[in-house]
Every structure is written in structure tokens, then in C-alpha cells.
Amino acid sequence: MALRCDLIIRDATIFDGTGMPRRIGDVGVTGDRIVGVGDLGGASADREVIGTGKAIAPGFIDAHTHDDRAVLCGPQCTLCKISQGVTTVVVGNCGVSLAPMRHTDKRPPAPLDLLGDEQWWTFDSFGDYAHALKTRGSEVNTYALVGHQTLRVEAMAGDVHRPARDHEIHRMHARLKQSLLEGASGFSTGLFYPLNKAATTEEVIAVGEALRTTDGLYTSHMRDEADHVLASIEETLRIGTRLGMPVHISHHKCSMPENYGRSVQTLALIEAAASMQEVAFDMYPYPAGSTVLMPDRMRDDIRTVITWSVPYPEMAGRDLSEIARGWNTDVRAAAERLLPAGCVMFQMDEEDVRRIMRHPLSIIGSDGIPHDAKPHPRLWGTFPRVLGFYARQLGLFDMETAVHKMTGRAAQIFGMVDRGVIREGAYADLVLFDPATVIDNATFEDPIQMSVGIEQVWANGVATFAGGKETGEKPGRLVTRNR
């Protein structure tokens, strides 16, 4: 009996997400699963898409996002992702997660306010957040981590500039354990940030012991990505060893000019550790980062651009140095005046970016901040930039490798079952793109620009993006680690 499908993409170049060589063939989908791959000439479908000259790949997995709120607020917040071919986002990074914490009386402290003001902090449990995802629906799948900064602010009643006491650690451990049982997949720290940096290694381990509940993952925005980057990597590895859990280093970089080139050392350290424990890292394909504005970290030799400011919204997109000159003050004092605010900082070297991206342990995460007025271009351009600029134009690696880093390898690291690959039985998260033209358009000057070359996107077998716009469908689901 001939195979009957809901959808067949015919005669496309298949990048199956494993890193294996591309091949020409068809992909058949029924319901939310792939039911056939290869020559499906004898099969029929309710809908057929001719993929001649185009590439079909697993939907891209954004390994590092701050989309906790974005996945709840509709296509105006997720178009930046689906227009890049993203079908799954990892939220709750850098110790910042929207759950579990109710914080409705005032604006949460930075960097929690990256996710929004007090009106968004209404989820008293991760179960409440998971329920909101299910009932509101989303254009993308969501894989969620629980943030240590969020847990600290709640358990310590905001008094976070010290190590936690035993009863506070117990509270955080219990909250994390319950969240994991309710569908969260891991634990993230942001030890670089004021809300988290007073936490000792032992505190992190004590809270993280809850990961044993569901075989979770530990991820970290490390204490230092600059002068003490090697010591920070060693701390991260030590936490993973003590917990007996996989570790994932967030947005690996070597920050500030005095540390340019040190990726040779950092990658060697991580690679050596990988022979003894599970460790990987994500990165974004730009030599600038973005976060909340922290005046004590401002330097005259590092270009800083304001992405948003509550008291001075008109300063979004302006250089901090220019603002300081206009106010007849220095950059630190200008930054204080702009708070609460966010920024882009040009603190990395392009050669380090390329070396880290090329390393076989790396995967791709945008680290985009979707609610900034003038966001970093990575929010709209990360995945087409890897495909078009780094793979096709620079030849940093072949397109099979690029796709693998953004799909199958990411799914393996995060324990996403039946995702990130094109094979029979896998979920039908798919992106059809033009390998000859795909490229990012977003720039630091004009960051809110859709990429080109992304033709169609499906999540769980349902189209989310086609013809240059969202479809309005919300097939996304909560994805859990190894469950």
C-alpha cells in the first residue's frame, strides 16, 4: 500500500543534522512526525512542496536565549526566531528564568529585568509557567532551565550580595527539585552578575544536587570570561564533577583586549576535560556581547552602545561615549544616569570568535534579548549568519557541520529526544532554505531586519513561517530533557 502523508517536501538537498554528507531526496510528514526520507516517488500527500535547488534541514535549536517571556507573547516576539528557521529555544539561561518566582510589587533587579517588568513575574511555580505555555501556545518549542539568580532573589528576599545561608539553600534546592519534576530540564547560573556572584561554589553544588532528581543539565554564565577565564572554566568543570552531571558553558568567549587570543588556552582546557566528563559550550557569531548596563564595568577603550534605557528611551542606539560627552561627564557616570538600561559591548576578537565556533564541541546560541528597543543583531541574524557568512562565504566549515552544530549536536547535548535530525520517527521540526542565498541582514546600526533565504519553517509538522511572514499557528511544545 502506497505511503500517504500530510506533507511531502520533494527533491530537496537533505542536511539531516548528523553532520553526514548532504543528499537529494524527499521528506514525508504525517502529524507531528517524519514518516519517510529518501525516494518517496510512490507516496502521495495532501500538500507537496517542491524543494528543487533548496535545502531541507532539522529546525534550528537556539541553544542560548532569554525568550522566557517571548514564547508567551505571540508572533510579534517570536518572528525574530522563526524567520531564521528556529523551531526550539532554550530559555532560563545565565541564572535568569521567569519561573519560579512571583515578583509583582516592583520592577525586579537587573539582570532579571531583561525578561520584563513586574507585570511578567507572576509564575509562582514552574508548573504555572508550563501551564501558560500550553494554554497560550507558542510558535516554537521551549526547553527550560531554572535560574539561580531567580531562586536567590526569592529565597533570600532580595538580600543577595552575600553567600546564602543553609535554610536559603534548602529553599532553592526544593524549588529547583519541584521545577524539574514539573518539566524544567536543568539549572543555570549567572555567577558574573551582582545577584549571583556572592554565591560560593559550594552553594551552587548544594542547590544543583536537585539535578539528580531527573538527570538534569548544569549550564553557566561563568564568573569571569576575561582575566580569570581559565579559573572560571575550572570551577564550572568542578561543579559538574561534584554533581555527576553534564556541564554546558554559556556563550564561551575571551573578553577584553588583554585576553584576545586566549581561546587557544581555554579550548585546550575544555577539550582535555571532555575526555573525562560531559562538557560542551555554545557561542554566538559576533565579536560583541549584550546585557544589562553595569556602570562599574564600563571602560573607555570598549565601545558600548545603549540598547534600552527606562529614564532615557531616546538614547537607544547611541554610543555611551557620545552620551557622556553630551552630558559633560565620564562613561561610568553616564551609565549610572541611564539605569535601568541595557547595552552592546564590543569586547571580543573576531579570531577568537572563529576559533571557538570552529571547535567541534561548540554549538550555536543567539543569546538574543528580544525586548530591547535597539537589540544586538544576533536576535534576528544568528543562524543565517552562520550558514551564509561563516560556512558559505568564509568556508570556516562546511554546511553539513554548520547545520549539525545548530541541530543534531545541540539536541544531543540537551537531551532532546527525537529532535534535531531528519529521520523516520523524529519530530517534524524542519526548515527549508536556499543554501546559495541564505544570509543575515541585521546589523548593529539597523538590527531589526529579517534574514533572507529562509523559505518555510515547520514545528511539530505545522508551518510557522512561509512567504516571508508568520502563519499564525502555535504548534510549539515544552520539550524536556531525556523525557
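In the nomenclature of an unreviewed UniProt entry, the protein chain is known as D-aminoacylase of Teichococcus vastitatis.

### Side note on the sheet that holds strand 16 (residues 304-309)
Strands sit in the order 15-17-16 across an open sheet of 3 strands; the sheet is antiparallel. The strands lining the two open edges of the sheet, one partner per strand, are strand 15 (289-292) and strand 16. The mean inter-strand angle of the sheet, taken between neighbouring strand axes irrespective of direction, is 20°. In this sheet, strand 17 (residues 341-345) lies alongside strand 15 in antiparallel orientation, the contact comprising 4 bridges. Each residue of the ladder has a partner; that of Val292, found in strand 17, is Gly342.

### Some words on the pairing of strand 5 (residues 55-58)
Relative to strand 5, strand 1 (residues 4-14) runs parallel, the two sharing 2 bridges. Looking across to strand 5, one finds that Ile14 is bridged to Ile56. In the sheet, strand 5 pairs with strand 19 (residues 430-433) via 4 bridges, with the strands oriented antiparallel. Following the sheet pairing, Ile56 is matched in strand 19 by Leu432.

### Some points on helix 10 (residues 350-358)
Residues that lie three or four places apart on an α-helix share one face, since the helix turns once every 3.6 residues. Of the positions making up helix 10, those classed as buried are Asp352, Val353, Ile356 and Met357. Angularly, the buried residues of helix 10 cover 130° about the axis, an arc narrow enough to put them on a single face. On the buried face of helix 10, the contacting elements are helix 7 (263-274), strand 14 (279-283), strand 18 (362-364), helix 11 (378-393) and helix 12 (399-406).

Cut-off values and rules
The residue count restarts for each chain, going from 1 along the sequence in the order it is written. The model is predicted, so local features are restricted to residues of pLDDT at least 70 and side-chain atom pairs to those at 80 or more, both for listing and for counting; the totals for chains, interfaces and linings are taken over all residues. Side-chain metrics rest on all non-hydrogen atoms present in the structure, leaving aside hydrogens and water. Pairing between two strands is assigned when DSSP locates at least 2 bridges connecting them. Strands are runs of DSSP state E lasting at least 2 residues, helices are runs of H or I lasting at least 4, and numbering of each runs from the N terminus. To obtain each axis, a line is fitted to C-alpha atoms, and for helices this fit is confined to the stretch in contact; angles are then taken between N-to-C directions over 0 to 180 degrees. Exposure classes here rest on a 1.4 Å probe applied to the protein chains alone. A residue is buried below 20% of its type maximum, exposed above 50%, and partly exposed in between. Here the arc refers to the set of directions running from the helix axis out to each C-beta atom. In this analysis, two residues are considered to be in contact whenever any of their non-hydrogen atoms come within 4.5 Å of each other.

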